[in-house]
Amino acid sequence: MKPSIARKLAQLTGRLEELNALLASADVTQNMDNYRKLAREHAEIEPVVELYRAYLRSEQDVATAQEMAQDPGMREFAEAEMREARGRMDGIEGELQRQLLPKDPNDERNIFLEIRAGTGGDESALFAADLFRMYSRYAERQGWRVEVMSASHSDLGGYKEIIARVSGAGAYSRLKFESGGHRVQRVPVTETQGRIHTSACTVAIMAEVDAVSDVVLNPAELRIDTFRASGAGGQHINKTDSAVRVTHLPTGIVVECQNDRSQHKNKAQALAILAARIRDQQVHDQQAKVAAERKLLVGSGDRSERIRTYNFPQGRVTDHRINLTLYKIAAIMDGDLDDIVHALAAEHQAEQLAQLAESS
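Conventions adopted
- Residues numbered from 1 in each chain as written.
- Predicted model: local features only at pLDDT ≥ 70, side-chain atom pairs only at ≥ 80, totals over all residues.
- Heavy atoms only, no water.
- Pairing = 2+ DSSP bridges.
- Helix = DSSP H or I, 4+ residues; strand = E, 2+ residues; numbered from the N terminus.
- Axes fitted to C-alpha atoms, helices over the stretch in contact; angles between N-to-C directions.
- pLDDT = per-residue confidence, 0-100.
- Contact = heavy atoms within 4.5 Å.
- Phe/Tyr/Trp six-rings, centres within 6.5 Å; stacked < 30°, edge-to-face > 60°.
- Buried < 20%, exposed > 50% of the residue type's maximum accessible area, 1.4 Å probe, protein only.
- Lys NZ or Arg CZ within 6 Å of the ring centre and 35° of its normal.
- Expected span 1.5 Å × (residues − 1).
- Parallel < 35°, antiparallel > 145°, perpendicular 65-115°, else oblique.
- Left-handed = near helix turned anticlockwise from the far one by under 90°.
- Nonpolar A, V, L, I, M, F, W, Y, C, P; charged D, E, K, R; others polar.
- Core = buried A, V, L, I, M, F, W, Y, C linked by side-chain atoms within 4.5 Å.

1. Section: the sheet that holds strand β6 (residues 222-227)
- Taken together, the three strands give an open sheet; going across it, the order is β6-β7-β8, and neighbouring strands pair in antiparallel fashion. Only two strands of the sheet have a single partner each, and these edge strands are β6 and β8 (253-257). Neighbour-to-neighbour, the strand axes of the sheet open up by a mean angle of 15°, direction not taken into account.
- Where strand β7 (residues 243-248) lies against β8, five bridges are found, and the strand directions are antiparallel. Looking at β8, one finds that Arg245 is bridged to Glu256.

Structure below.
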């Protein structure tokens, strides 16, 4: 085990002992916020320390077996014990390294899913609708809730843009690598000569921010306009200024919401999406600085970066960041994303482990 990792684990062991003493004190529950904070930290550290203690026990087993090996009559038995203990140590060390990887604080958050049609006109808008259905079906499989916040329809039934809130355990952790350019190759419904066209959409996965602590919206930096909603909705939606457009003046980010009949609800939804977009931009600016020093194997998540191609004539989906090709496009478009999601997460973890090894 690398000395730097051993030092970190020794520090965590000492911290766990401190937490045990703090949580055992008689007045710990007088400040419930502090108690919950300590309990959370204890729950995070304890499994890591238990693994480290198991590693140390196996290390002691090796030392004991080495002493036994000095006796010729016990040598064969002792060598078998050493092999078994060293095997346990290797397995535990690998798990400890994974446990020590930095955790993304957004992993358990809900998300805003944003899909925009790109090059390809009506076909791109239809593909945007297909992508939204794909993510909705995946969310359904996970037991998540999908709520459309804003949608701009195309003439043929697709989406020029659609924004949805996806809520459920681990939503961000599973879908955070979906941001980027998605390309489709197929014969459009509008194509009369059977030619294959290439179209594209952009997908953005934005963690829902904590309204209190993550992004503070200064009212002086916001321009809020109301207007009549367009599209289906009956007489009411066409006669009242229920739709809301919010412009964040410093960044130029604009958000429109018109899906609800209540102007108040549309404004609240628009502000929530705006906060997520601002936070997302901050994260991407930070990632760009990191990427300048070292490019993540799973890509930067830049909206302009082509991350995946859906080739319908060949029945394949290819993720270009990790050179993964799957020949089950129908299942994937129906929400079977597990193979892709798990492969991207594994590649990201491998990259983190490589960085940990370099810095140790």
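On we go from here.
2. Considerations on the confidence of the model for the protein chain
- The pLDDT averaged across the protein chain works out to 85; a share of 89% of its residues lies at or above 70.
- Model confidence for the protein chain, summarised as mean pLDDT per element, is weakest for helix α6 (residues 234-239) at 48 and strongest for helix α8 (residues 329-333) at 97.
- Segment residues 232-237: pLDDT under 50, and seven contacts once partners within four positions in sequence are set aside and those in other chains are kept.
- Contacts from residues 293-297, a stretch scored under 50 in pLDDT, to residues over four places away or in other chains number 13 contacts.

3. Notes on the packing of aromatic side chains
- Under the defined criterion, the tally for this structure stands at three aromatic pairs.
- Taking 5.4 Å as the distance between ring centres and 65° as the angle between the ring planes, the aromatic pair formed by Phe127 and Tyr310 counts as edge-to-face. Of this pair, Phe127 sits in helix α4 (residues 121-142) while Tyr310 sits in strand β9 (residues 306-311), placing them 183 residues apart in sequence. Of the two residues, Phe127 and Tyr310, neither departs from the other in class, the shared state being buried.
- Relative to Tyr159, the ring of Phe132 has its centre 6.0 Å away and its plane inclined at 80°; by these criteria the two rings are edge-to-face. Taken as a pair, Phe132 in helix α4 and Tyr159 in strand β3 (residues 159-167) lie far apart in primary sequence, 27 residues in all. Each member of the pair, Phe132 together with Tyr159, is buried.
- Positioned above the aromatic ring of Phe312 is the side chain of Arg186, whose terminal nitrogen or guanidinium carbon lies 5.0 Å from the ring centre.
- Between Arg245 and the ring centre of Phe227, over which it is positioned, the NZ or CZ distance is 4.5 Å.

4. Quick notes on α4
- An ideal rise of 1.5 Å per residue puts 32 Å on 22 residues; α4 measures up with 32 Å between its terminal C-alpha atoms.
- Backbone geometry just after α4 places Gly143 at a positive phi near 80°.

5. Observations regarding the packing of helix α1 (residues 3-24) against helix α3 (residues 75-100)
- Two elements in contact, α1 and α3, have axes whose closest approach is 12 Å; the angle formed by their N-to-C orientations is 70°. Between α1 and α3, the angle falls in the class roughly perpendicular. Crossing hand, α1 versus α3: left-handed. Mapping the contact onto sequence places Ile5, Lys8, Leu9 and Leu12 in α1 and Leu96, Gln97 and Leu100 in α3.
- Of the residues in the contact of α1 with α3, the class split is five nonpolar, one polar and one charged.

6. Brief notes about the nonpolar core
- By size, the foremost hydrophobic cluster in this structure holds 38 residues, and its most contacted members are Leu113, Ile115, Leu131, Met134, Tyr135, Tyr310 and Leu337.
- Only β1 (111-117), α4, β3, α5 (171-175), β5 (197-207), α8 and α9 (338-359) provide two or more residues apiece to this core.
- Broken down by element, this core gets its largest block of residues, nine residues, from α4.
- Those residues in contact with Tyr310 that sit more than four places away from it in its chain are Phe127, Leu131, Met134, His182, Arg183, Val184, Gln185, Arg316, Val317, Ile329 and Met333.
- Grouped together as the second largest cluster of nonpolar side chains are 23 residues, Val48, Tyr52, Ile92 and Leu96 included.

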